[in-house]
Amino acid sequence: MDSKRLRKSSRQELLEMLLEATEENEWLRHENEELKQEIESRRLVCQNTGSLAEAALKLSGIFEAADEALKICQANLVSNEPPTDQSPIQDTAPVSETKDTPDGPPDKQ
């Protein structure tokens with residue numbers, strides 16, 4: 001607004017313009033605070049994303065080590081298995097080797 005118009009304005013008009021400017025100023029301050037909070041929130045998300053990325057890399061190393069250990073265990077199990085053409089080892093004794101006892105189950109000799 002030009003200074004000529006301001007000089008010709010009445011006191012009432014000047015007060016109304018001041019009130020409007022003050023309200024707009026308050027609204028802009030409020031919006032500015034909200035935007036600052038949003039920026040800070042996004043900054044924290046970015047920082048956490050970096051931390052999550054580092055954690056994921058560390059976890060992938062753990063998973064790789066666990067996978068390698070699993071492969072080693074599987075290789076050990078395969079190398080310790082009996083050949084497939086033999087029957088599995090039996091934990092019971094043949095019937096001819098058992099002896100009945102009067103007070104309990106048969107004993108193995």
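Going along each chain's sequence as written, the residues are numbered from 1 onward. Reporting of local features is limited, given that this is a predicted model, to residues whose pLDDT is at least 70; pairs of side-chain atoms are given and counted only at 80 or more, and all residues count toward the totals for whole chains, interfaces and linings. Only hydrogens and water are set aside when side-chain values are computed; all heavy atoms of the structure are taken into account.

### Focus: the overall build of the protein chain
Part 1: Note on conventions: DSSP H or I runs of at least 4 residues are helices, E runs of at least 2 residues are strands, and numbering of each starts at the N terminus. A tally of regular secondary structure across the protein chain gives two helices and two strands.
Part 2: Burial classification: accessible surface area is computed with a 1.4 Å probe over protein chains only, and a residue below 20% of its type maximum counts as buried, one above 50% as exposed, and the rest as partly exposed. When each of the 109 residues of the protein chain is scored for burial, the buried share is 1%.
Part 3: Accessible area for the protein chain stands at about 10600 Å²; split by element, carbon and sulfur atoms hold 56% of it. Note on areas: Shrake-Rupley, 1.4 Å probe, and residue coverage restricted to the protein chains presented here.

### Things to note about the side chain of S9
Part 1: Among the structural elements, S9 can be located in the loop between α1 (3-8) and α2 (11-80).
Part 2: Look at S9 and you get buried, because its relative accessible area is 13%.
Part 3: Whenever a nitrogen or oxygen atom comes within 3.5 Å of another N or O atom, the pair is scored as a polar contact, on the condition that within protein one atom can donate a hydrogen and the other can accept it, and that pairs from neighbouring residues in sequence are kept only if both atoms are in side chains. From its side chain, S9 meets the backbone oxygen of R5 in a polar contact 2.8 Å long.
Part 4: Any two residues whose heavy atoms approach within 4.5 Å are treated as being in contact. Once residues lying within four places of it in the same chain are set aside, the contact partners of S9 are L14 and M17.

### What to know about the pattern of salt bridges
Part 1: Salt bridges are defined by distance alone: a side-chain nitrogen of Lys or Arg within 4 Å of a carboxyl oxygen of Asp or Glu. According to the stated counting rule, one finds three salt bridges in the structure shown.
Part 2: Across the salt bridge formed by E38 and R42, the nearest N and O atoms sit 2.8 Å from each other. With E38 and R42 both in helix α2, this residue pair falls four residues apart, about one helical turn.
Part 3: For the salt bridge of R43 with E40, the shortest nitrogen-to-oxygen distance reads 3.0 Å. In this pair, R43 and E40 are both assigned in helix α2, three residues apart and thus about one turn of the helix distant.
Part 4: Note on R43: relative accessible area 44%, which makes it partly exposed.
Part 5: What makes E40 partly exposed here is its relative accessible area of 36%.

### Here we look at a negative patch on the surface
Part 1: Grouping into patches uses exposed residues only, defined as over 30% relative accessible area, and leaves out salt-bridged ones; the cut-off is 9 Å for like charges and 5 Å for nonpolar side chains (Val, Leu, Ile, Met, Phe, Trp, Tyr). Here Asp and Glu are counted as negative and Lys and Arg as positive; His is not counted, and neither are the chain ends. Here the site of a charge means atom NZ of a Lys, CZ of an Arg, CG of an Asp or CD of a Glu. A surface patch of like charges, here negative, comprises E13, E16, E20, E23 and E24.
Part 2: Relative to the assigned elements, E13 resides in helix α2.
Part 3: Judged by its relative accessible area of 42%, E13 falls in the partly exposed class.

### Remarks on the confidence of the model for the protein chain
Part 1: What pLDDT expresses is the predictor's confidence in each residue, scored from 0 to 100. Looking at the protein chain as a whole, the pLDDT averages 78, with 73% of positions reaching at least 70.
Part 2: Across the protein chain, the secondary-structure element scoring lowest on mean pLDDT is strand β1 (residues 98-101), at 55, and the one scoring highest is α2, at 87.

### Quick look at a nonpolar patch on the surface
Part 1: Together, L59, I62 and F63 give the surface a local cluster of nonpolar side chains, amounting to about 320 Å² of exposed area.
Part 2: Following the sequence through the fold, I62 ends up in helix α2.

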